Amino acid sequence: MLNCLDLVRIGLLRAETFQTAEITRRTLNFSLSSVAVVEPVYTGAVFSVDIDATGRYLLAGAGDGSWYIHDTFNLTGEIDHQKKCVSQAPRRVGHTSSINTVEWYPADNGLFVTSSSDGNLCLWDANNAAKPVDKYDLDEVISRHQINPCSGTMIAACSDGDVNLIDIRTGTAIQKLPETLTRSKEVCWNPANQYELMVGSEEGSLIEWDIRSTLTYRGYGLLEVKVARRGVRTRDFKEQVGLLQKAHDGPISSIRYRKDGMEFYSFGDDGCIRRWLSETSPLSEPLVCTLKYGRKSKGHGNFQIGISADTDPPLIFAPKGTSISVCDMKTCKVQKELVGHFKNVNCFVYDDKYQQGYSGGNDSAVMVWSGNFVSEQTYQQEKLNSAISSGRHGRQRRRPAATTSANQQLINLIDEDDFDEYEPASSASDNEDPSLY
Amino acid sequence: MLDTKTCECITKLVEKLATSGKHQIDKIVFREFVSHAGQSEDYIKFTLERIFQHLEQKHSEIRLGAFLIIDELFKRSHYFREILLDDFHTFLELTVESNPSKLLPPPLPTAKILKQNVLQAIQKWYSTFGVDHKRLALSYNFLKNNLKVDFQDALKRNASELAQESRERQRHAKVVEKKVQGVEAELNDNQDEIMQVVTEMDNCFCLLIPKPSDFGENQVDDEEDSSSEQLNLREHGFATTGVSINVQRSSLGKVVVTEDNLPIIENLKDLNALLKNRFIPLIKKWVAITSKATNQTLFRKLMGLKARLEKQVDRFNQINVSQDDSSKKVDSSSSSNEDDSDFEDVPEKEGFEYEVVSPPVVMSPPDAQKPSTSTSSKTSTGWRLWDVQKDDVNDPTSLVATLKSLGQKTSEESATIASTSHARRLNHSKQTPAESDTEIRKRKLMKIAPKLPFDIDLYHWEDKDLKAPSVEIVETDGHKFWTPSQDRGGEVIDDPNGIASLRTRVIEFSGEFEPVKWSCRAPLPSGSLCPRKDRLKCPLHGKIIARDDIGNPTKPEDIQALNKEKEMMEKDKPPEWQDPQFLKEIEAATGMDLMIRPPKKGKQKKKTFAEMYPGLTDVDRKRNTPRSRLERKIFNKASVKRVAETLDELSAKRFNDKFGDQWNYSMGNE
């Protein structure tokens, strides 16, 4: 890193390149943070997490209908810290069953939107979260919603297989997209074109709508993109479903666009992540590559993948059982598995600004993944050393001199019969054998 | 780089530690193990892999052993902690059931101990290393908040569980004591009554059955006589001190009911019923309660009482009460006078059976069949129409029984007919004295001639030119489903057996059971003789041979065979100095194992679980109880099939004999 900095200074390396390289390095170094913990306030599984536009506040929605906002900034003055919860859902107002999606307003952190299995979509004022600012009752389970990142006023919500468009300026559900013979499960706006909406369905089809005119839609298949007229429910309904182009073998749980809107990634329950080109002419091949990260999952998953925007090989963080796969979508390989959760992982969000990851799982915990492993380790070691030098462990003096040589080995062989008050043997061994690190 | 030898050593030691089955780690082995494993980080990593292999075994004791190693290493090595914590969720899944769908394997008590120990250890680890290892802290919080593990409780569990147990035991003892006290009170209430009943019964017995002493015989004299006699015998060279003569009494005596003793007997019956129905069950209940008590005096007392009452009941049962004719008459008349019942006397239904007599099934083991000569003779003479057998009379389906019932019914008629026929016969014999010769001859021949039931061969006995029977195929005319493949309706097929089918007769012989009248009588270590009654071979002592009173074989060839067997046994025996105690001492002193083991014959058996891991309980072991062993034999598919086949065969033969001429039975046999 320091070498690179010099190169940048001299002018041999472009600043952007350096930035990408450093971000990529940190992201690929992700491991469970040994200094930061998210305050354990959750009582149910965490189904959705989001980071606000400023990169400071973490929003998480839990299975019991509550949401929590954590301040990710460390203002305690110590490296070892907890990400404190600064705001949480009021009781008896808001959602009555599990929150499936939480999302910050794309432009600032004054507003956020939650949607839940109880069929309500709530708008909240982040500064005054006593009750929802606005509430839309869609009657059926809302599996996913997204605010249009360009306009910021349009929310697309999937409820009971249909896609509803809500305009928060008028406060009404203005439009319902026509039926496409499939049950929609996931929606995602194109960040570049504000009128393009990608819909993933339970049958595994990817459909792109132009909401200005819903007469036709584009169906993404493995080999081609087809433009189709909007479906009419007829008698041979089932046959028409069979004719639909399939992008995945199972339900599509999550779709993420690249920042420029040129590419997007779909995450299916069939164990595949696919990378697609969005700006394609009909009948051309949209699929770039497929990564098989795991086996076909059985249940109806509610997963959210994370995408790192600025890294050089685009990275996808996909929940896979109790771990998170870091998928390199350029070479189509799983780079790493992030292990730390005790139960299934549901969602992951990548913090672009500070290169940290947050994941929520069924073990009702949000975990922090950070890439500056070395600095954290150094800090730990320093802490230990200072603790030893300050004589925190008085027992050290009592130890016979002979054991010092034994500590050349990695395992202490001090016969500690009185382990009821056994002191951290690590501190001693680390002290004498720093090569461990 | 890993050294293969060290790796092997580590693998072996990990296995030894993990499968020891102890709840504490073996310090000496562990030291040796650490000397290998602690050489480098790679070895530690390798060790962890090996440990995880054991941790994944479906045996809680192995898991506990593996956990003990982990615990020791966790305390001592920073690197080990790091790599273990990377896989900590797997560790938790395998030791504390963090995944509810994956439960801990058997044996259950050890699984419980394992879980508790791990939780205690995690608590300790957390308090010492929680600051350094974020992941450990996270795991701790996960267990605490998510799985609701109460660590404080887990630490206390051991002590509190013990206290709880002792409290429970005390409570139980108290309950038992209370119950016993209740029994004692009840006994005090009832004892007088019981004793009264017993005395009354005793008196009744005295009145009914006179004792020898009642006849005025002086027993003392008797004894003196016998002793003097003994002396005399001794002078004659008879050693009669050990002789005791047992006189078997079949019953206490026959008591004839007369008008005099009727009230006594009635009284006795009542008392007996009282004992049987009330007091003995009551005492049995008390015995069951008091048997659990620590103080056994009451229990013994109750057992004595019970024995006494049972003796009385036995005594009553032994008395053979027979009705006197006079009393019976009195009885019946009085009873008929007394009860004016509403029921009318209904004549017995014809052919009604009070008891359903199941057909007697005679099982004959295959080797128990009689020699062929007797069989043939039996077949020629045994099948008589009038062959009266005991069973047959009881069996309502048999001809004999039918005839008997018919005979009873027509007894009056036949009585009259018999007299006339007798008269006629007398006349007949008088009229034809000349024919007596042929008649005598005929009678003689008839005696020898086999008698067979009427059958098809007799039907065609005198037909000289028989035609082979033929069958005409009937067309199942126009049936919806059962249309013949080819239209063969009206076609006539000859019986494949031809004329023979009309000339032959099948006689089924189901054999006869011959009870085993001999026993094995091989000498037993107790001094008695083997009482097993087997036909040919005793399962314990081999072939059954002729033996004398002491159990020694009498035939010379048997003696020879036995001697040979003995010699073979002696040959196989290790020499005398191979005393296991002595060998153990030598081994302890010198460390040498001088045991001579018998050479292994044939294929080497696969080692059993118990041999491989002597410290562990065998989870998969099938229960080897007498019941299960018998079950395996009796409910064995083959044996069930064999028994069923034999029974089927027997019943088929019997039915063929009895109802062979009936349509449904004649078809069912084949």
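Residues numbered from 1 in each chain as written. Chains lettered and ligands numbered in written order. Predicted model: local features only at pLDDT ≥ 70, side-chain atom pairs only at ≥ 80, totals over all residues. Heavy atoms only, no water.

## Focus on the overall build of chain B
Now for step 1: Looking only at helices and strands, one finds 26 helices and six strands in chain B.
Now for step 2: Across the 670 residues that make up chain B, the buried fraction comes to 26%.
Now for step 3: Counted over contacts in chain B with a minimum sequence separation of 6, partners at least 24 positions apart contribute 63%. (Helix = DSSP H or I, 4+ residues; strand = E, 2+ residues; numbered from the N terminus. Buried < 20%, exposed > 50% of the residue type's maximum accessible area, 1.4 Å probe, protein only. Contact = heavy atoms within 4.5 Å.)

## Description of helix 8 (residues 134-146) of chain B
Residue and element names in this part refer to chain B.
Now for step 1: Its 13 residues give helix 8 an end-to-end C-alpha distance of 17 Å, which sits within 8% of 18 Å, the value for a rise of 1.5 Å per residue.
Now for step 2: For helix 8, the buried fraction is high: ten of the 13 residues fall into the buried class.
Now for step 3: Buried within helix 8 are the following residues: Lys134, Arg135, Leu136, Ala137, Leu138, Ser139, Tyr140, Phe142, Leu143 and Asn146.
Now for step 4: Phi turns positive, to about 55 degrees, at Lys148, one or two residues after helix 8. (Expected span 1.5 Å × (residues − 1).)

## Some remarks on the pattern of salt bridges
Now for step 1: For the structure shown, the criterion picks out 33 salt bridges over all chains.
Now for step 2: Arg9 of chain A is the salt-bridge partner of Asp6 of chain A, the closest N and O atoms lying 3.8 Å from each other. Taken together, the residues Asp6 of chain A and Arg9 of chain A, both in helix 1 (residues 2-10) and three residues apart, mark about one turn of the helix.
Now for step 3: The residue Asp86 of chain B makes a salt bridge to Arg135 of chain B at a minimum N-O spacing of 3.7 Å. Within this pair, whereas Asp86 of chain B is found in helix 5 (residues 78-86), its partner Arg135 of chain B is found in helix 8, the two being separated by 49 residues in sequence. (Salt bridge = Lys/Arg side-chain N within 4 Å of Asp/Glu carboxyl O.)

## Considerations on the confidence of the model for chain A
Residues and elements named next belong to chain A.
Now for step 1: Looking at chain A as a whole, its pLDDT mean stands at 80, while 84% of the residues score no less than 70.
Now for step 2: Counted against residues more than four places away or in other chains, residues 392-409, with its pLDDT under 50, gives 26 contacts.
Now for step 3: Considering only residues more than four positions removed or in separate chains, one finds that residues 415-437, a stretch of pLDDT under 50, has 63 contacts. (pLDDT = per-residue confidence, 0-100.)

## Details of unusual backbone geometry
Now for step 1: Positive phi outside glycine occurs at Gln355 of chain A, with the angle close to 50 degrees.
Now for step 2: Following the sequence through the fold, Gln355 of chain A ends up in the loop between strand 29 (345-351) and strand 30 (356-361).
Now for step 3: Its identity as a non-glycine residue notwithstanding, Arg521 of chain B has a phi of 60 degrees, on the positive side.
Now for step 4: The residue Arg521 of chain B is located in the loop between helix 20 (500-503) and strand 5 (537-538) in this model.
Now for step 5: Exposure remark for Arg521 of chain B: the relative accessible area of 25% places this residue in the partly exposed category.

## A look at the sheet that holds strand 16 (residues 184-189) of chain A
Residues and elements named next belong to chain A.
Now for step 1: With antiparallel pairing, the five strands of this open sheet are ordered in space as 16-17-18-19-20. Looking along the sheet, the strands with just one partner apiece sit at the ends: strand 16 and strand 20 (225-229). Each strand axis lies, on average, 25 degrees off the axis of its neighbour in the sheet, ignoring direction.
Now for step 2: Across five bridges, the pairing between strand 16 and strand 17 (residues 196-201) is antiparallel. The residue bridging Val187 from the neighbouring strand is Val199, located in strand 17. (Pairing = 2+ DSSP bridges. Axes fitted to C-alpha atoms, helices over the stretch in contact; angles between N-to-C directions.)

## Topic: the environment of Val35 of chain A
Now for step 1: Considering the arrangement of structural elements, one finds Val35 of chain A in the loop between strand 1 (31-32) and strand 2 (36-38).
Now for step 2: For the pair Val35 of chain A and Asp80 of chain A, spaced 45 residues apart in the sequence, the C-alpha separation amounts to 4.5 Å.
Now for step 3: In this view, Val35 of chain A contacts Ile79, Asp80, His81, Glu376, Tyr379 and Gln380 of chain A together with Lys134 of chain B; residues no more than four positions away in its chain are not counted.

## Topic: the state of the cysteines
Such a bond, covalent and formed between the sulfur atoms of two cysteines, is termed a disulfide.
Residue and element names in this part refer to chain B.
Now for step 1: A full pass over the atoms with the stated rule returns zero disulfides over all chains.
Now for step 2: Residue Cys530 stays outside any disulfide, its sulfur separated by 3.9 Å from that of Cys520, the closest cysteine.
Now for step 3: A relative accessible area of 3% means that Cys530 is categorised as buried. (Disulfide = S-S within 2.5 Å.)

## Brief notes about the sheet that holds strand 15 (residues 172-176) of chain A
In any sheet, the strands associate via hydrogen bonds between backbone groups, in a parallel or an antiparallel arrangement.
Residues and elements named next belong to chain A.
Now for step 1: In spatial order, the strands read 12-13-14-15; together these four strands make up an open sheet with antiparallel pairing. The strands lining the two open edges of the sheet, one partner per strand, are strand 12 (142-147) and strand 15. Along the sheet, successive strands turn relative to each other by an average axial angle of 25 degrees, direction set aside.
Now for step 2: When strand 14 (residues 162-167) meets strand 15, the two strands line up antiparallel, connected through four bridges. Bridged to Leu165 within strand 15 is Gln175.

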